[in-house]
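If you want the building blocks of each chain, they are given just below.
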Amino acid sequence: MDVQLAGLVEESVVDGPGMRFVIFTQGCEHHCVGCHNPQTHDPNGGESVSVDWLKERIDAQKLIRGITFSGGEPFMQAEAMAELARYAKGKKLHTLAYTGYTFEELLVMSKTDNGVRDFLSSLDMIVDGPFVLAERDITLKFRGSKNQRLLDAVKSLAQGKAVLWEDPNEVMLRQFHRD
Ligand code: SF4
């Protein structure tokens, strides 16, 4: 399976808790005003790489504690992202996805799209909703605008409603003290 890729950052400390491998997918249909990554919007841009190649890149990073799926819109390539997220979970890595969709929209999509369902169920954390320039706030943890929510993906799915992540630092502690 292939991924249309905008870019990679193989060691990042700004795209979620702890040191993370960040996959920037190519293609986004949200077109938020003020988007910092407009070069990722064209679904035909970027480069095509295989899921297996991305797994090898992940394996090569020994210091990472998590994978971040960013973009672009990762849910436009949900099936491939689901495979990578499952792979990451198998390696005990924390998984976080940025998406311009709201959690409620993703729940509806997941009823007819198995890729969306599988990707959602392989995530620990979601930052949801489009970037809204009028609500931009540079003091927010891991988010660009106030409408975006930092969600506990596991609790949100279990309860069928958006559940906020209570303490982003808690994840770091758990990650750094795991066996
Ligand atoms: S969802 Fe993200 S990548 Fe897509 S337009 Fe909005 S800010 Fe840009």
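Above this text you will find the structure in question.
Treat the numbers as computed from the prediction; the structure is a model and nothing was measured.

## Notes on the overall build of the protein chain
Argument step 1. Scanning the protein chain for helices and strands turns up six helices and seven strands.
Argument step 2. Traced from its N-terminal end to its C-terminal end, the protein chain shows the element sequence β-β-β-α-β-α-β-α-α-β-β-α-α.
Argument step 3. Its C-alpha atoms give the protein chain a radius of gyration of 15 Å, within 12% of the compact-globule value 16 Å for 179 residues.
Argument step 4. Burial statistics for the protein chain: of 179 residues in total, 41% are counted as buried.

## Comments concerning helix α2 (residues 78-90)
Argument step 1. In this model α2 runs 18 Å from its N-terminal to its C-terminal C-alpha over 13 residues, within 8% of the 18 Å that 1.5 Å per residue would give.
Argument step 2. Of the positions making up α2, those classed as buried are A78, A80, M81, A82, E83, L84, A85 and A88.
Argument step 3. As for α2, its buried residues are in contact with β1 (2-12), α1 (51-60), β4 (66-70), β5 (94-98) and α4 (114-120).
Argument step 4. Note on α2: the residue one or two positions beyond its end, K92, has a positive phi of about 60 degrees.

## Notes on the nonpolar core
The nonpolar side chains of a soluble globular protein tend to be buried, and buried together.
Argument step 1. Core analysis: the largest hydrophobic core is formed by 38 residues, its most contacted members being M81, F119, L123 and I126.
Argument step 2. By residue number, the principal contributor to this core is α2, which donates seven residues.

Conventions adopted
Residues numbered from 1 in each chain as written. Predicted model: local features only at pLDDT ≥ 70, side-chain atom pairs only at ≥ 80, totals over all residues. Helix = DSSP H or I, 4+ residues; strand = E, 2+ residues; numbered from the N terminus. Rg over C-alpha atoms; globule rule 2.2 N^0.38 Å. Buried ≥ 20, exposed ≤ 12 C-beta atoms within 10 Å, placed from the backbone. Expected span 1.5 Å × (residues − 1). Contact = placed C-beta atoms within 7 Å. Core = buried A, V, L, I, M, F, W, Y, C linked by C-beta atoms within 7 Å.

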